[in-house]
Amino acid sequence: MSNYKSKYKKNKRNIFLIQISIASIFFLVWEILARCKIINTFITSSPSNIVETIINLYQNQNLFYHIWVTLSETLIAFTLTLIISIIISIILYKNDIIAKIMDPYLTMLNSLPKVALGPILIIWIGANEKSIITMGILITIIVSIQTIYNGFKSTSATKIKLMRTFKASDKDIFLKLIFPQNLRIIVSTLKINTALCLVGIIMGEFLTSKAGIGYLILYGSQVFNLDLVMAGVLILIILSTLIYNFIRIIEKRLEKC
Amino acid sequence: MDTLVQIKNLSKTYESIDGKVNAIKDVTFDIYKNEFLTIIGSSGCGKSTILNILDQLDKEYQGTIEFTEDINIGYMLQEDALFEWLTVEENALLGLKILKKLNDETRKYTISLLDKYGLKDFKDKYPKSLSGGMRQRVALIRTLATKPKILLMDEPFSALDYQTRLQVSDDVYRIIKQEGMTVVMVSHDLAESISVSDRIIVLSKRPATIKNIYKIELSNKSTPIENRKAKEFAYYYDILWKDLDKNV
Ligand SMILES: Nc1ncnc2c1ncn2[C@@H]1O[C@H](COP(=O)(O)OP(=O)(O)OP(=O)(O)O)[C@@H](O)[C@H]1O
Ligand SMILES: [Mg+2]
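Predicted model, so just to flag it, every value in this text is computed and none were measured.

1. Examining the overall build of chain B
Looking only at helices and strands, chain B has eight helices and nine strands in total. Over its C-alpha atoms chain B spans a radius of gyration of 18 Å, differing by no more than 12% from the 18 Å that the globule rule assigns to 248 residues. When its C-alpha atoms are laid out on the principal axes, chain B stretches across 50 × 45 × 35 Å. Every one of the 248 residues in chain B was classed for burial, and the buried ones make up 53%. In chain B, the share of contacts with a sequence separation of at least 24, taken over all contacts with a separation of at least 6, comes to 69%. Approximately 11600 Å² of chain B is accessible, and the part contributed by carbon and sulfur atoms is 49%. Averaging the positions of the 36 positive and the 37 negative side-chain charges in chain B gives two centres separated by 1 Å.

2. Concerning the overall build of chain A
Of regular secondary structure, chain A possesses eleven helices and zero strands. Ordered by position from the N terminus, the helices and strands of chain A form the series α-α-α-α-α-α-α-α-α-α-α. Scaling as 2.2 N^0.38, a compact globule of 257 residues should have a C-alpha radius of gyration of about 18 Å, whereas chain A reaches 23 Å, well beyond that. Projecting the C-alpha coordinates of chain A onto the three principal axes gives extents of approximately 75 × 65 × 30 Å. Expressed as a percentage of its 257 residues, the buried residues of chain A come to 37%. Counted over contacts in chain A with a minimum sequence separation of 6, partners at least 24 positions apart contribute 71%. Of the roughly 15400 Å² that chain A leaves accessible, carbon and sulfur atoms contribute 69%. Averaging the locations of the 26 positively and 12 negatively charged side chains of chain A gives two centres separated by 13 Å.

3. Things to note about the interface of chain B and chain A
Each side of the interface is counted separately: chain B has 20 residues, and chain A has 16 residues. One can count two salt bridges joining chain B with chain A. Here B:D55 and A:K167 are joined by a salt bridge, their closest N and O atoms 3.8 Å apart. Scanning the region where chain B abuts chain A turns up two residue pairs in polar contact (both at pLDDT 80 or more). Counting residues per element, the side of chain B that touches chain A draws most heavily on helix α2 (residues 88–98) of chain B, which supplies four residues. A breakdown of the residues in the side of chain B that touches chain A according to their chemical character gives eleven nonpolar, three polar and six charged.

4. Description of the packing of helix α4 (residues 63–94) of chain A against helix α7 (residues 129–153) of chain A
All names here are of chain A. At a closest axis distance of 7 Å, the pairing of α4 and α7 adopts a crossing angle of 35°. Crossing of α4 over α7 shows right-handed handedness. Looking at side-chain class alone, the contact of α4 with α7 contains 18 nonpolar, six polar and three charged residues.

5. Let's talk about the sheet that holds strand β1 (residues 3–16) of chain B
Residue and element names in this part refer to chain B. Within the open sheet, the three strands sit side by side as β2-β1-β4. Their pairing is antiparallel. Strands at the two margins of the open sheet, each flanked by one partner only, are β2 (19–32) and β4 (62–67). Pairs of neighbouring strands in the sheet enclose a mean axial angle of 15°, with direction left out of account. Relative to β2, β1 is paired through ten bridges, and the arrangement is antiparallel. In the sheet register, S16 faces β2, and the bridge partner there is G19. Helix-sheet contacts for helix α1 (residues 47–54) involve β1, β2 and β4, and the interaxial angle to β2 is about 65°.

6. Brief notes about the sheet that holds strand β7 (residues 182–187) of chain B
Residues and elements named next belong to chain B. What the six strands build is an open sheet, ordered β5-β6-β7-β3-β8-β9; its pairing is mixed. Only two strands of the sheet have a single neighbouring strand rather than two, namely β5 (73–76) and β9 (210–215). Taking the axes of each pair of neighbouring strands and ignoring which way they run, one obtains an average angle of 15° across the sheet. Across five bridges, strand β8 (residues 199–203) lies against β9 in antiparallel orientation. Bridge pairing links V202 to N212 in β9. Sheet strands in contact with α1 are β3 (36–40), β5, β6 (150–154), β7 and β8, and its direction is about 150° off that of β6.

7. What to know about empty space enclosed by the protein
Empty space left among the atoms is revealed by rolling a probe the size of a water molecule over them. All names here are of chain B. With the rule as written, the count across this model stands at two cavities of 30 Å³ or more. Size it by volume and the largest cavity reaches roughly 40 Å³. Lining the largest cavity are V5, I31, L54, F67, I73, I150, L152 and V184. Residue composition of the lining of the largest cavity, grouped by class: eight nonpolar, no polar and no charged. As for the second largest cavity, its lining consists of M76, G133, Q136, R137, L140, P156, F157, L160 and V168. Per-element tally for the lining of the second largest cavity: the top contributor is helix α4 (residues 132–144), with four residues. Split by residue class, the lining of the second largest cavity holds six nonpolar, two polar and one charged. When residues are assigned to domains, the lining of the second largest cavity turns out to be shared by domain 1 (1–71 + 149–231) and domain 2 (84–148), each giving three or more.

8. Structural notes on the coordination of the magnesium ion (ligand 2)
Residues and elements named next belong to chain B. Protein-derived ligands of the magnesium ion (ligand 2) are S48 (OG) and Q78 (OE1), with the metal-ligand distances lying across 2.0 to 2.3 Å. With S48 in helix α1 and Q78 in the loop between β5 and α2, this pair connects stretches of sequence that are 30 residues apart. Relative accessible area serves as the criterion here: at 22%, S48 is assigned to the partly exposed category.

9. With respect to the pairing of β6(B)
For a regular strand, side chains alternate in direction, first toward one face of the sheet and then toward the other. Residue and element names in this part refer to chain B. For β6, the tally of buried residues reaches five of five residues, placing the bulk of the element in the interior. Alternating residues of β6 divide into I150, L152 and D154 and L151 and M153, and every residue in both groups is buried. Strand direction decides the pairing type here: β5 and β6, joined by four bridges, are parallel. Bridged to M76 within β6 is M153. The sheet contact formed by β6 and β7 spans five bridges and is parallel. By the bridge assignment for β7, I150 is matched with T182.

Reading the values: the criteria
Along each chain, numbering runs from 1 in the same order as the chain's sequence is written. A letter from A marks each chain and a number from 1 marks each ligand, given out in the order of writing. Residue-level local features of this predicted model are given only where pLDDT is at least 70; pairs of side-chain atoms are given and counted only at 80 or more, and the full residue set underlies all totals for whole chains, interfaces and linings. Side-chain descriptors were evaluated using all non-hydrogen atoms of the structure, hydrogens and water having been removed beforehand. Each helix is a run of DSSP H or I of at least 4 residues and each strand a run of E of at least 2, with the numbering of both proceeding from the N terminus. In this setup the radius of gyration rests on C-alpha atoms only. A globule is expected at 2.2 Å times the number of residues raised to 0.38. Throughout this description, buried means an accessible area under 20% of the type-specific maximum (1.4 Å probe, protein chains only), exposed means over 50%, and partly exposed covers the range between. Any two residues whose heavy atoms approach within 4.5 Å are treated as being in contact. Here, Shrake-Rupley sampling with a 1.4 Å probe gives the accessible areas, and only protein chains in the shown set may cover a residue. Just so you know, the count uses Lys and Arg for positive and Asp and Glu for negative, and it drops His and the chain ends. Where a charge lies is defined by one atom per residue type, namely NZ (Lys), CZ (Arg), CG (Asp) and CD (Glu). When a carboxyl oxygen of Asp or Glu lies within 4 Å of a side-chain nitrogen of Lys or Arg, that pair is called a salt bridge. Any pair of nitrogen or oxygen atoms within 3.5 Å is treated as a polar contact; in protein, a donor-acceptor pairing is required on top of that, and neighbouring residues in sequence qualify only through side-chain atoms on both sides. Any residue that is not Ala, Val, Leu, Ile, Met, Phe, Trp, Tyr, Cys, Pro, Asp, Glu, Lys or Arg is counted as polar, Gly included; the first ten are nonpolar and the last four charged. The convention used is that axes are lines fitted to C-alpha atoms, helices contributing only their stretch in contact, and that angles between N-to-C directions extend from 0 to 180 degrees. Crossing chirality is assigned from the near helix's rotation relative to the far helix, an anticlockwise turn below a right angle marking it left-handed and a clockwise turn marking it right-handed. DSSP bridges decide pairing: two strands pair if at least two such bridges lie between them. A pocket here means an open set of points on a 1 Å grid, computed over the protein atoms alone, that has protein on both sides within 12 Å along at least five of seven lines. A cavity is instead a set of points where a 1.4 Å probe fits but cannot get out; residues with an atom within 4 Å of a point line either one. Grid points are joined across faces, edges and corners, and a volume is the space filled by probe spheres set on the points. The split of the chain into domains comes from an automatic or database domain assignment. Excluding water, the donors of a metal are its N, O and S neighbours within 2.8 Å, or within 3.2 Å for Na, K and Ca, and that exclusion means sites may look incomplete.

Quick look at the structure:
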């Protein structure tokens with residue numbers, strides 16, 4: 001038993017070491033190739049240039065302000081998506097006819113590339129933060145509605161019958177059965193949503209923005225500063241990983257009970 | 001005997017895209033106060049349908065049901081339907097909570113039932129760590145906790161092994177008598193039905209009609225386990241078995 005456990009732990013540590021090595025070697029090779037002028041840093045940038053750019057951003061240009069702008073836009077879009085999709089899911093769950101009517105539209109909207117709506121948003125809402133947040137919502141909302149609604153629909157008929165034997169009202173059935181039963185589905189939707197939402201926000205920032213990581217990347221590419229572009233991408237990777245892990249911690253908590 | 005419920009000409013047809021299913025037809029019987037009434041019949045004949053209608057879960061039927069008193073009904077379903085995200089104790093208290101009857105006294109009563117039925121060490125565990133028999137006991141306690149006047153039970157002991165089954169049916173029988181409950185039970189098990197019942201209704205195969213109603217009169221009637229030793233036991237077993245046999 002303990003033998004198995006130590007073997008398992010050792011395995012896990014080895015995998016982790018290999019993962020770290022791959023990243024390290026990648027950056028190392030990149031740096032060496034840049035230093036030996038085998039690749040053109042004007043186009044590819046280099047790890048040391050990226051680090052320097054980030055430090056520079058931090059010292060002179062409010063690095064955390066840009067991060068905060070993107071993060072807050074993501075959080076707002078994410079929260080609104082969650083609230084709206086739960087409300088719409090409840091409406092669809094309660095009205096089978098509406099759900100059936102809406103079904104092909106949801107499928108259609110789901111397969112529509114949302115970026116295409118960007119120019120329309122700018123004209124309708126304006127070149128401001130609202131358009132960016134709307135983009136974040138658009139990109140996630142259809143999938144959220146479909147997942148949460150399907151979760152609601154799959155609530156066991158026997159459990160609903162049981163609730164009815166205790167004369168439960170529709171509200172009881174929702175609050176004590178359907179919602180807790182689907183909490184896990186909702187949280188795992190959230191996990192996918194945060195990543196998707198960030199995609200939407202960056203897309204929005206590409207369309208119109210005065211600050212944010214998307215703005216940094218776009219600005220960098222316009223002035224052909226690849227160091228800034230790569231720094232932006234690296235920050236995004238770190239940011240999305242942090243958000244993802246945060247949701248995973250919540251999910252783990254839920255699994256325990 | 002006082003009549004508690006009068007069921008007259010009950011019929012039910014399920015309608016679905018695949019067509020109509022005549023589940024029960026022209027079922028008429030009375031339920032007497034404090035009696036233990038068991039319904040037996042071949043599988044799929046319409047037993048659960050009758051219980052669903054009695055509990056008013058299913059309101060689409062022909063015929064009439066008249067209650068002579070205003071009484072609360074408890075219904076233990078065929079499936080345990082425990083909530084995986086609630087502990088055993090929370091599951092057992094669920095019915096009380098929804099009926100808004102949860103207070104110190106009812107909570108204590110429920111916990112005493114859990115303790116008595118071998119679930120003392122499982123109160124804070126989740127249903128996934130319970131055996132089939134234990135799950136069924138929690139489901140039974142969840143209904144018993146609400147102290148219904150009429151208790152409807154759909155194959156309440158089917159997931160228990162033989163030994164536990166004898167013991168639990170003995171215990172449940174005692175609680176039922178103590179609380180002055182009236183019981184309508186659905187069962188597959190002839191011996192069990194004879195040992196607990198005052199009357200047994202035999203249903204025909206689908207659409208279920210009442211084939212026979214037997215009054216079970218055992219000499220020295222006592223607990224279910226003891227009742228199995230009564231000299232009339234074999235006689236009833238024989239006629240019920242023949243009745244059911246002709247069904248299939
Ligand atoms: N909601 C429904 N829609 C259509 N048909 C149904 C429905 N519920 C039950 N039936 C059918 O009605 C008949 C009687 O069902 P019921 O569940 O009352 O039988 P049962 O005697 O309780 O069976 P079992 O012994 O399997 O518990 C069955 O043939 C079943 O397939
Ligand atoms: Mg049944």
